[in-house]
Amino acid sequence: YGAPTIESFCKILLEEANVEGVRAEILFAQVMLETGWLQFGGDVEPDQCNFGGLGAVGADTSGASFNDWGEDSVRKGLRAQVQHLKAYASTDPLVNTCVDPRFGYVQRGVAPTVEGLVGRWATDSEYASKIMDQVKGLMATGLSIF
């Protein structure tokens, strides 16, 4: 689906985050949290290219699928997640055409920080802490994927 290596995946992730002004390290940490480090295993299947669980609201609901862009399907999935994050964080208009099917359901600008995603993106009261722990762990390793 367009990202045969983690390097190419991270390149797409960084490009999509930068276009919309979303912090790439937050996006990366959320992707890894939501997918179990790209192992999936929940309601969302890897071939959906849905790295944020968009539309997967429990009760075996698999959520949105973004695999209809062929070799750019990973990009479409990451773009949708970036757009959803931007919807929560800001009232600024999108730069790219909207591919997030749930964008219109978001009250724009209500979550300008990761903490604001709790109870919105996920019901887990530790959701923000888990994302920030991922970010801190990545930064501590000195990885320079961003």
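In what follows, the structure referred to is the one given above.
Report follows, based on the coordinates. Within every chain, residues take consecutive numbers counted from 1 along the sequence as written. Local features are withheld for residues below a pLDDT of 70 in this predicted model, meaning they are given only at 70 or higher, and side-chain atom pairs are given and counted only at 80 or more; totals for whole chains, interfaces and linings count all residues. Each side-chain value is derived from all of the structure's non-hydrogen atoms; neither hydrogens nor water enter the calculation.

1. A word on the side chain of Q48
Then comes step 1: What counts as a helix is a DSSP run of H or I of at least four residues, what counts as a strand is a run of E of at least two, and both are numbered from the N terminus. Here Q48 lies in the loop between α2 (24-35) and α3 (73-89).
Then comes step 2: Each residue is assigned to one of three classes by its accessible area relative to the maximum for its type, calculated with a 1.4 Å probe on protein chains only: buried under 20%, partly exposed between the two thresholds, exposed over 50%. For Q48, a relative accessible area of 8% corresponds to the buried category.
Then comes step 3: There is a polar contact of 3.1 Å between the side chain of Q48 and the backbone oxygen of A64.
Then comes step 4: Residue contacts follow a heavy-atom distance rule, with two residues in contact if any of their heavy atoms lie within 4.5 Å. Non-local contacts of Q48, meaning those with residues more than four positions away in its chain, are made with D43, S62, G63, A64, S65, F66 and N67. Counted as a polar contact is a pair of N or O atoms within 3.5 Å, where, for protein atoms, one must be capable of donating a hydrogen and the other of accepting one, and residues adjacent in sequence contribute only when both atoms are in side chains.

2. Details of the packing of α2 against helix α4 (residues 127-141)
Then comes step 1: Their axes nearest at 9 Å, the elements α2 and α4 cross at an angle of 115°. By the criterion of interaxial angle, the relationship of α2 to α4 is roughly perpendicular. Crossing of α2 over α4 shows right-handed handedness. For the pair α2 and α4, the contacting residues are E25, I26, F28, A29, Q30, M32, L33 and E34 in the first and Y127, K130, I131, M132, Q134, V135, L138 and M139 in the second.
Then comes step 2: For the contact of α2 with α4, a count of residues per class yields eleven nonpolar, two polar and three charged. Axis lines are fitted to C-alpha atoms, over the contacting stretch for helices. Their N-to-C directions set the angle, which ranges from 0 to 180 degrees. Oblique is the label for every angle not falling under 35 degrees (roughly parallel), over 145 degrees (roughly antiparallel), or within 65 to 115 degrees (roughly perpendicular). Rotating anticlockwise by less than a right angle from the far helix to the near helix defines a left-handed crossing, while the corresponding clockwise rotation defines a right-handed one. Lys, Arg, Asp and Glu make up the charged group, whereas Ala, Val, Leu, Ile, Met, Phe, Trp, Tyr, Cys and Pro make up the nonpolar group; the residues left over, Gly among them, are polar.

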